[in-house]
Amino acid sequence: MPRFYFDLRDGDDLAVDEEGLELPNIGAVQAEAAISLADMARDAVHSAPLVGGGHRMAIEVRDDAGPVMQVRFAFEVEAQKQ
């Protein structure tokens, strides 16, 4: 089974996955990347400033040959005038 590495990008920071996961196919890779990104997004929303600024994050997936896919998420909190 091929090994895939899920590097976590949060803004300009990159956490490199040194261990990776063995997964059977690209569909399993996409699902794992989406789940990981959803977890990152949930944590970021809870720790984000109440208003202003944007936040972007991604899971960059690679195998031994190089990049495979990138799954991205971005959000911004904007106050509405009352």
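Each chain has its residues counted from 1, following the order in which its sequence is written. Given that this is a predicted model, residues contribute local features only at a pLDDT of at least 70 and side-chain atom pairs are listed and counted only at 80 or more, while totals for whole chains, interfaces and linings are drawn from all residues. Each side-chain value is worked out from all heavy atoms of the structure, with water and hydrogens disregarded.

Participant: I'd like to hear about the nonpolar core, residue by residue, with values.
Facilitator: Throughout this description, the term nonpolar core refers to a set of buried Ala, Val, Leu, Ile, Met, Phe, Trp, Tyr and Cys residues connected via side-chain atoms within 4.5 Å. For every residue, the accessible area (1.4 Å probe, protein chains only) is compared with the maximum for its type, and the residue is labelled buried under 20%, exposed over 50%, or partly exposed between those bounds. One finds Phe6, Met57, Ile59 and Val61 to be the most contacted residues of the largest nonpolar core, which totals 14 residues. No other element matches helix 1 (residues 26-47), which puts 6 residues into this core. Only heavy atoms enter the contact rule, under which two residues are in contact if any of them lie within 4.5 Å. Every residue in contact with Met57, bar those within four places of it in the chain, is listed here: Arg9, Asp10, Leu37, Met40, Ala41, Ala44, Val71, Arg72, Phe73 and Phe75. For the purposes of this entry, the term helix denotes a DSSP run of H or I that reaches at least four residues, the term strand denotes a run of E that reaches at least two, and both are numbered from the N terminus.

Participant: Account for the environment of Pro67, naming residues and giving values.
Facilitator: The topology assignment puts Pro67 in strand 5 (residues 66-76). Judged by its relative accessible area of 83%, Pro67 is exposed. The residues contacting Pro67, other than those within four sequence positions of it, are Val61 and Arg62.

Participant: Mind laying out the pairing of strand 4 (residues 54-63), listing which residues take part and the relevant values?
Facilitator: Where strand 1 (residues 3-10) lies against strand 4, 6 bridges are found, and the strand directions are antiparallel. Paired with Asp10 across the bridge in strand 4 is Met57. Where strand 4 meets strand 5, 10 bridges bridge the pair, whose relative direction is antiparallel. Bridge pairing in strand 5 places Ala58 opposite Arg72. Following strand 4, the chain reverses through 2 residues before pairing antiparallel with strand 5. Two strands are said to pair when DSSP picks up at least two bridges between them.

Participant: Describe the pairing of strand 1, with residues and values.
Facilitator: As paired elements, strand 1 and strand 3 (residues 21-22) share 2 bridges and run antiparallel to each other. Bridge pairing in strand 3 places Phe4 opposite Leu21. As paired strands, strand 1 and strand 2 (residues 13-15) are joined by 3 bridges and run antiparallel to one another. Looking at the pairing, Asp10 lines up with Asp13 of strand 2. The antiparallel pairing of strand 1 with strand 2 creates a hairpin that spans 2 residues between the two strands, and Gly11 there sits at a positive phi of about 65°.

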